[in-house]
Amino acid sequence: MANQDGTLYGVPPRGQVRKGQYIEIQNPDELRTKMALYYALFFDSRTKHSPKVSVPYLDAWGLGLITTVSLPIVINGQLKGVVGLDLTMIDLLEDVLYLQKGELSYAFIIDDRGRAVLHPLLPSPLDVFEDPILINITDIERGADFEQVYTSMTKGSAGTKDLTAVRTFSKGEWSLEGRVTKTFSATYYWKPIEVIGYSLCLVLTKDFKQIDLASLVSSGDDFLYHRLDLIERNSDLCRYYNTSSLRSGRSTVKFAAEAFTDPSRYLDTEETAGRVRHYTKFMNDRIGFVPNPGFKSDIRNNVIATRQAEKYWPSFHRLDSGIQHWIPWRYIGTYNGVFRRIPGGMNHKLYSPSMRPWGVRQGCMLRPIALRL
């Protein structure tokens with residue numbers, strides 16, 4: 001059987017036929033081990049092997065969307081095994097996933113076959129609960145001159161090109177409120193990601209300008225983090241959402257993952273009373289003595305600025321009795337991940353104001369500034 005080439009059945013051989021290998025298996029328990037050697041027959045020790053990256057898939061042990069980077073182990077020209085490393089897509093792509101360069105600018109990543117690994121129109125790795133179906137990037141990026149960018153990226157090249165870009169935004173709820181499309185002049189910057197075979201493209205609008213708040217000074221004692229379960233304060237059970245809530249009229253602040261320089265570390269690390277105290281000391285620091293616990297440079301200013309909203313949020317004691325029963329809370333959120341609400345209460349760790357329907361809805365408005373109180 002291992003040596004057959006078709007002549008036994010009257011079929012003339014076509015080209016050179018490589019002989020097989022016959023292995024007798026007497027113990028059925030050895031079947032798995034013996035069959036594992038099947039792939040060694042096709043192994044060529046003369047080939048210089050580079051790491052192979054699998055398509056993203058859902059981890060069976062709860063890590064979420066992951067990819068596997070693997071490399072063969074070769075000893076004396078023989079395949080002895082394969083070494084592999086599993087990477088979560090959140091860890092791998094967090095710098096792109098939480099990119100904030102204005103309303104229209106965005107980034108996407110493709111593999112060497114042109115399939116979209118990350119794009120604003122695709123579900124975030126945080127929201128994937130089954131093996132994804134990868135589609136070609138040209139099904140999403142449909143600009144007339146995008147073909148040149150696509151060809152260069154799939155070849156592993158780097159470059160830059162001015163194009164007319166199109167972005168589609170949800171008006172709030174995709175299935176209920178529709179979408180809005182914006183066309184703008186942009187510059188595409190792309191570069192290969194070595195080792196893993198991906199290619200990154202950054203699309204920046206030409207009129208992008210970043211405006212930073214002037215340095216603000218904390219009052220020294222007004223910051224209160226939302227983890228009331230880790231703070232010794234009087235709290236009560238909210239009758240609306242069955243969660244801890246302050247009895248006083250004070251507000252609390254919650255930070256989304258994009259507020260941190262290392263979002264995945266924030267998501268993977270359990271918050272403790274000590275960490276909350278560090279947050280509090282840093283936000284209340286007036287002289288710059290307390291080290292930054294991991295926030296982006298503009299977060300502290302946003303926390304101080306949103307505190308001013310409480311001037312326009314009357315306390316429950318001042319509300320008309322006919323109105324206070326209909327207002328669970330008031331809130332304000334920023335696109336860099338600061339969320340303040342009154343009365344103070346706890347929020348889920350994955351909560352992000354920019355991803356909520358009200359945040360998405362304001363983001364697609366034509367006016368440059370939207371305030372929701």
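Residues numbered from 1 in each chain as written. Predicted model: local features only at pLDDT ≥ 70, side-chain atom pairs only at ≥ 80, totals over all residues. Heavy atoms only, no water.

Per-residue confidence for the chain gives a mean pLDDT of 79; residues scoring 70 or more make up 76%. Overall, residues 366-373 carries pLDDT values under 50, and its contacts beyond four positions in sequence, including any with other chains, amount to 9 contacts. (pLDDT = per-residue confidence, 0-100. Contact = heavy atoms within 4.5 Å.)

Okay, the nonpolar core next. In terms of nonpolar packing, the biggest core is built from 23 residues, with Phe-223, Tyr-225, Phe-255, Met-283, Phe-295, Ile-299 and Val-303 touching the most fellow members. Of all elements in the fold, only strand E12 (252-255), helix H5 (263-268), helix H6 (273-284) and helix H7 (299-306) reach the threshold of two or more residues within this core. Not counting the four nearest positions on each side in its chain, Phe-255 is found in contact with Phe-223, Tyr-225, Phe-260, Tyr-266, Met-283, Phe-295, Ile-299, Val-303, Gly-337 and Val-338. Membership of the second largest hydrophobic core comes to 21 residues, among which are Ile-137, Leu-163, Val-180 and Tyr-188. (Core = buried A, V, L, I, M, F, W, Y, C linked by side-chain atoms within 4.5 Å. Buried < 20%, exposed > 50% of the residue type's maximum accessible area, 1.4 Å probe, protein only. Helix = DSSP H or I, 4+ residues; strand = E, 2+ residues; numbered from the N terminus.)

Once that is clear, we can look at the side chain of Arg-341. Here Arg-341 shows up in strand E14 (residues 338-342). A relative accessible area of 2% places Arg-341 in the buried class. At a separation of 3.4 Å, a polar atom in the side chain of Arg-341 contacts the main-chain carbonyl oxygen of Pro-343. For Arg-341, the contacting residues outside a window of four places in its chain are Ser-244, Arg-250, Ser-251, Thr-252, Trp-329, Arg-330, Tyr-331, Met-346 and Asn-347. (Polar contact = N/O pair within 3.5 Å; in protein donor to acceptor, adjacent residues only side chain to side chain.)

Let us look at the sheet that holds E14. One open sheet holds the 3 strands; their spatial order is E12-E14-E13, and the pairing between them is antiparallel. Each end of this open sheet is capped by a strand with a single partner; those strands are E12 and strand E13 (330-333). In this sheet, adjacent strand axes meet at a mean angle of 20 degrees when their direction is disregarded. Sheet topology places E12 next to E14; 4 bridges connect them, and they run antiparallel. Within the sheet, the bridge partner assigned to Lys-254 lies in E14 and is Phe-339. Contacts from H7 reach E12, E13 and E14, with the element oriented near 20 degrees to E14. (Pairing = 2+ DSSP bridges. Axes fitted to C-alpha atoms, helices over the stretch in contact; angles between N-to-C directions.)

The next thing to look at is a negative patch on the surface. A surface patch of negative charge is lined by Asp-91, Asp-95, Asp-262 and Asp-268. Mapped onto the fold, Asp-91 is located in helix H2 (residues 89-97). For Asp-91, a relative accessible area of 39% corresponds to the partly exposed category. (Patch = residues over 30% accessible without salt bridge, like charges linked within 9 Å, V, L, I, M, F, W, Y side chains within 5 Å. Areas by Shrake-Rupley, 256 points an atom, 1.4 Å probe, with all protein chains shown as cover. Salt bridge = Lys/Arg side-chain N within 4 Å of Asp/Glu carboxyl O. Lys, Arg positive; Asp, Glu negative; His and termini not counted. Charge placed at Lys NZ, Arg CZ, Asp CG, Glu CD.)

A surface patch of nonpolar side chains, about 340 Å² in accessible area, is lined by Ile-23, Ile-25, Leu-31 and Met-35. With respect to the helices, strands and loops of the structure, Met-35 is situated in helix H1 (residues 31-35).

With that settled, the discussion passes to the pattern of salt bridges. Two side chains that carry opposite charge are able to pair once their charged atoms sit near each other. For the coordinates displayed, the defined rule picks out 4 salt bridges. Of the charged contacts, one joins Arg-227 and Asp-229 as a salt bridge, the two residues approaching to 2.8 Å between their closest N and O atoms. The class for Arg-227 is buried, based on a relative accessible area of 17%. What emerges from the salt-bridge pattern is a single network uniting Arg-227, Asp-229 and Glu-271.

Another point: the pairing of strand E9 (residues 198-205). Alignment of strand E5 (residues 106-110) against E9, held across 5 bridges, turns out to be antiparallel. Along E9, the bridge assignment pairs Phe-108 with Cys-201. Between the antiparallel neighbours strand E8 (residues 179-193) and E9 lie 4 residues, among them Val-195 with a positive phi of about 75 degrees.

Position of Glu-141 among the secondary structure elements: in the loop between strand E6 (116-118) and helix H3 (146-154). The class of Glu-141 is buried, set by a relative accessible area of 6%. Spatially, the C-alpha atoms of Glu-141 and His-119 are 9.7 Å apart, while their sequence positions differ by 22 residues. Not counting residues within four places of it along the chain, the set of residues in contact with Glu-141 comprises Tyr-106, Phe-108, His-119, Phe-146 and Tyr-188.

A separate point is the packing of aromatic side chains. Summed over all chains, the structure comprises 17 aromatic pairs. Between the aromatic rings of Phe-146 and Tyr-188, the centroid separation amounts to 6.2 Å while the plane-to-plane angle is 55 degrees, which identifies the pairing as tilted. Taken together, the positions of Phe-146 in helix H3 and Tyr-188 in strand E8 put the pair 42 residues apart, joining distant regions of the chain. Given the relative accessible area of 2%, Tyr-188 is considered buried. Between Phe-260 and Tyr-279, the ring centres sit 6.1 Å apart and the planes meet at 50 degrees, which makes this aromatic pair tilted. One end of the pair, Phe-260, is in the loop between E12 and H5; the other, Tyr-279, is in helix H6, and 19 residues separate them in sequence. With respect to burial, Phe-260 and Tyr-279 carry one shared label: buried. By way of ring pairs, the aromatic residues Phe-223, Tyr-225, Phe-255, Phe-260, Tyr-266, Tyr-279, Phe-282 and Phe-295 are connected into one cluster. (Phe/Tyr/Trp six-rings, centres within 6.5 Å; stacked < 30°, edge-to-face > 60°.)

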